[in-house]
Amino acid sequence: MLFIEALRQFQFITKESMAFIHVSLVPILGADAEQKTKPTQHSIKELRSLGISPDMIICRSKEPLHDTTVQKLSIFCQVEASHILTIHDVSNIYHVPLLLARQNMHVLLQQKFNLASPAPDLTSWQELALTVDRLESQPQHTIVIVGKYTGLQDSYLSVLKSVKHSAILLQANVNITWVEASDLQKDTEAENPTAYSKAWELLKSAAGILVPGGFGNRGIEGKIAAARYARENKVPYLGLCLGMQVMVIEYARHVLNVKNANSVEFDDGCEAVVVFMPEINPLVMGGTMRLGARPTTISATLPTSERSIASRIYNLDQNSDVLERHRHRYEVNPEYIERVQNAGLFFSGVDDRNERMEIAELPQSQHPYYLGSQYHPELKSRPGRPSPPVFGFVATAIGQPEKISEAGVLWQAHEAKLKAARNTSPAKTTRNSLLSPATSALGKRRARSMSNGMDSVKLQLE
Ligand SMILES: *[C@@H]1O[C@H](CO)[C@@H](O)[C@H](O)[C@H]1NC(C)=O
């Protein structure tokens, strides 16, 4: 409600640079398969009573809308028929932009915003959508994500998508399967042996093991067990945020023999291999995280004189910075860095002040792909431009390790493009011309946050 009211008021400031698009369900019911317009009519009425009139309606439906349905919606919702679009079920989600383009959505937006941009070239996008269709018939590679699945799918969505983006570029059919972290633990073996053996069976069937970020104590021992299994059995492993801390805790316990190693997040009395970051007040939750895009300096070579995996995945031939997004409160305890590295787990990425450990990896002579990042690389993954750490992981897992730099090549090209765009006057870039000149301050801010890889704000009108 608050958001709707904010949007309503926004119209007074910048009506000409806003478009309201209402997304609504058109169910198909009954023996005669009637397309029901009532739910849409009701929600539009509600929306209008809140002071917002949609410029466009997008109908979700099983089938394409009949002309009669569109006419009905047009009359009762007072929206021109040409502005009522449909997204019916398609074989994969990448067909959706093509579907919208076929219904001239870009033309409607151009008219609305008075833009003179050329028609979009969706050839490569179409290729992508067709590739995804084709992949389904190919042999499967199983990637296991070890986490808390139940009820938290949304928070893992970007992890899931980043694996998909990588698989598509590799033209591989990847089956992402979840293993509940706590099911891998000894206490589950006693309480629910079936769940325990099923979880381990799945983990052992994995071509790659991914441990994503997560909060809360539950399952931490299961994640540590998964990291250990991946390390000892040379199964490709990717640790994201907590998943990287888990690598370090596991290494401290089983290689350095620090039996009680843990994170202070889970155990106050442990050997604190992972600690609260010093500048963060442990008593205040929320707003106290290290957040957003920050540079990580990647070492091209490890102390063993081998080339680092980190530099290979980002396609760097010398020490360089990459900008990735962060969201964490805990970090690897600086007091353990030397011991961990002396024992062979290396920090090939550090922050720009050389204080925070950002990337941990085993050298490739020891393990095909054992890498974790304190940051969340999945957040910058896009279709056609996957995240380098995720891509390197998937490429190795499906048996194509020779390709691990491919996403890095695309990454470098994109970073160069962003840099060039930043160097020209912001007012002249295409991205900014999408925004009204009256809101150029907002525009600049938005352009900056986009270049940081932020998704545009998604508002839900239901
Ligand atoms: C993915 O793998 C799991 C576990 O092996 C299996 O149960 C599931 O059916 C597979 N999914 C697809 C779509 O084949």
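## Focus: the overall build of the protein
Now for step 1: Helix and strand content of the protein: 17 helices and 17 strands.
Now for step 2: Every one of the 462 residues in the protein was classed for burial, and the buried ones make up 48%.
Now for step 3: For the protein, the share of sequence-separated contacts (at least 6 apart) that also reach a separation of at least 24 residues comes to 70%.
Now for step 4: A total accessible area of about 23100 Å² is found for the protein, and carbon and sulfur atoms account for 53% of it.

## So, the nonpolar core
The nonpolar side chains of a soluble globular protein tend to be buried with one another.
Now for step 1: Core analysis: the biggest nonpolar cluster contains 47 residues, and Val146, Leu203, Ile209, Tyr237 and Phe347 have the highest contact counts within it.
Now for step 2: Per-element accounting of this core gives the leading share, eight residues, to helix H11 (residues 242-254).
Now for step 3: Those residues in contact with Phe347, other than ones at most four positions away along the chain, are Met244, Val248, Val332, Ile337, Val340, Gln341, Met357, Ile359 and Ala360.
Now for step 4: If you look at the next biggest cluster of nonpolar residues, it comprises 35 residues, including Val174, Leu238, Ile309 and Ala310.

## Considering the pattern of salt bridges
Now for step 1: The final tally for this structure, using the stated rule, is 13 salt bridges.
Now for step 2: Glu331 serves as the salt-bridge partner of Arg356, at 2.7 Å between the closest nitrogen and oxygen. Placement of the pair is Arg356 in the loop between strand S15 (346-351) and strand S16 (357-361) and Glu331 in strand S14 (residues 330-332), with a sequence separation of 25 residues. One exposure class covers both Arg356 and Glu331, and it is buried.
Now for step 3: For the salt bridge of Glu415 with Lys380, the shortest nitrogen-to-oxygen distance reads 3.9 Å. Note that Glu415 is positioned in helix H15 (residues 406-423) and Lys380 in the loop between strand S17 (370-373) and helix H14 (388-397), a separation of 35 residues in sequence.
Now for step 4: Members of the salt-bridge network, linked through shared partners, are Arg228, Arg231, Glu232 and Glu250.

## What about the sheet that holds S14?
Now for step 1: Strand order in the open sheet formed by three strands is S10-S11-S14, and the pairing between neighbours is mixed. The open sheet has two free edges, formed respectively by strand S10 (261-263) and S14, since each of these has just one partner strand. Each adjacent strand pair in this sheet contributes to an overall mean axis angle of 30 degrees, direction not counted.
Now for step 2: Looking at chain direction, S10 and strand S11 (residues 271-276) are connected through three bridges and run parallel. Pairing of Ala261 across the sheet is with Glu271, part of S11.
Now for step 3: Against the sheet, H11 engages S10, S11 and S14, with an angle of about 160 degrees to S10.

## A few points about the side chain of Ser311
Now for step 1: Within the fold, Ser311 resides in helix H12 (residues 309-313).
Now for step 2: Polar side-chain contacts of Ser311 include one of 3.2 Å to the side chain of Arg307.
Now for step 3: Not counting chain neighbours up to four residues away, the residues in contact with Ser311 comprise Ile298, Ser299, Ala300 and Leu316.

## Examining the packing of aromatic side chains
Now for step 1: In the structure shown here, the tally under the stated rule is seven aromatic pairs.
Now for step 2: Ring geometry for Tyr369 and Phe393: centres 6.4 Å apart, planes at 50 degrees, overall tilted. Taken together, the residues Tyr369 in the loop between S16 and S17 and Phe393 in helix H14 connect sequence positions 24 residues apart.
Now for step 3: With a relative accessible area of 0%, Tyr369 lands in the buried category.
Now for step 4: Three or more aromatic residues joined by ring pairs make a cluster, and in this case those are Tyr196, Trp200 and Tyr229.

## Points about the confidence of the model for the protein
Now for step 1: Residues of the protein with pLDDT of at least 70 account for 88%, and the chain-wide mean is 88.
Now for step 2: Every residue in residues 428-462 scores below 50 in pLDDT, and together they form 42 contacts with partners more than four places removed in sequence or on other chains.

## Quick look at the sheet that holds strand S12 (residues 290-298)
Now for step 1: Overall, mixed pairing links the nine strands, which are arranged S7-S6-S8-S9-S17-S16-S15-S12-S13 in an open sheet. Two strands lie at the open edges of the sheet, namely strand S7 (173-180) and strand S13 (320-328), each paired on one side alone. Taken pair by pair, the neighbouring strands of this sheet meet at an average axis angle of 25 degrees, ignoring direction.
Now for step 2: In this sheet, S13 lies alongside S12 in antiparallel orientation, the contact comprising nine bridges. In the strand pairing of S13, Gly292 is matched with His326.
Now for step 3: Strands strand S6 (140-147), strand S8 (208-211), strand S9 (237-240) and S17 of the sheet are contacted by helix H10 (residues 220-232), whose axis makes an angle of about 150 degrees with S8.

## Regarding the pairing of strand S5 (residues 84-88)
Along any regular strand, the residues point their side chains to alternate faces of the sheet.
Now for step 1: In terms of burial, S5 is largely enclosed, as five of its five residues are buried.
Now for step 2: Taking every second residue as pointing to the same face, both faces of S5 are buried, with Ile84, Thr86 and His88 on one and Leu85 and Ile87 on the other.
Now for step 3: Traced from strand S4 (residues 56-61) through helix H3 (residues 67-77) to S5, the parallel crossover comes out right-handed.

## Side note on the packing of helix H9 (residues 193-204) against H10
Axis angle and axis distance: for two packed helices, these are the angle between their axes and the distance between the axes, and together they describe the pair.
Now for step 1: Remark: H9 packs on H10, axes separated minimally by 11 Å, with the N-to-C direction vectors making an angle of 35 degrees. Classified by chirality, the crossing of H10 by H9 is right-handed. Two secondary-structure elements touch here, H9 through Trp200, Leu203 and Lys204 and H10 through Ala225, Ala226 and Tyr229.
Now for step 2: Across the contact of H9 with H10, the residue classes break down as five nonpolar, no polar and one charged.

## Things to note about the site of the ligand
Now for step 1: Taken together, Gln140, Asn175, Thr177 and Leu202 form the complete shell of residues around the ligand.
Now for step 2: Contact distances for the ligand include 3.4 Å between an oxygen atom and a side-chain N or O atom of Thr177.
Now for step 3: In the complex, the protein chains occlude 36% of the 360 Å² of accessible area that the ligand would expose alone.

## Let's talk about H10
Now for step 1: Compared with the 18 Å implied by 1.5 Å per residue over 13 residues, the 18 Å span of H10 between its first and last C-alpha is a close match.
Now for step 2: Every buried residue belonging to H10 is among Ile220, Gly222, Lys223, Ile224, Ala226, Ala227, Tyr229, Ala230 and Arg231, and all of these are buried.
Now for step 3: Of the surrounding elements, those touching the buried residues of H10 are S6, H9, S8, S9, H11 and S17.
Now for step 4: Within two residues after H10, Lys234 carries a phi angle of roughly 55 degrees, on the positive side.

How each quantity is defined
Residues numbered from 1 in each chain as written. Predicted model: local features only at pLDDT ≥ 70, side-chain atom pairs only at ≥ 80, totals over all residues. Heavy atoms only, no water. Helix = DSSP H or I, 4+ residues; strand = E, 2+ residues; numbered from the N terminus. Buried < 20%, exposed > 50% of the residue type's maximum accessible area, 1.4 Å probe, protein only. Contact = heavy atoms within 4.5 Å. Areas by Shrake-Rupley, 256 points an atom, 1.4 Å probe, with all protein chains shown as cover. Core = buried A, V, L, I, M, F, W, Y, C linked by side-chain atoms within 4.5 Å. Salt bridge = Lys/Arg side-chain N within 4 Å of Asp/Glu carboxyl O. Pairing = 2+ DSSP bridges. Axes fitted to C-alpha atoms, helices over the stretch in contact; angles between N-to-C directions. Polar contact = N/O pair within 3.5 Å; in protein donor to acceptor, adjacent residues only side chain to side chain. Phe/Tyr/Trp six-rings, centres within 6.5 Å; stacked < 30°, edge-to-face > 60°. pLDDT = per-residue confidence, 0-100. Right-handed = clockwise from strand over helix to strand, strands pointing away. Left-handed = near helix turned anticlockwise from the far one by under 90°. Nonpolar A, V, L, I, M, F, W, Y, C, P; charged D, E, K, R; others polar. Near = heavy atom within 4 Å. Expected span 1.5 Å × (residues − 1).

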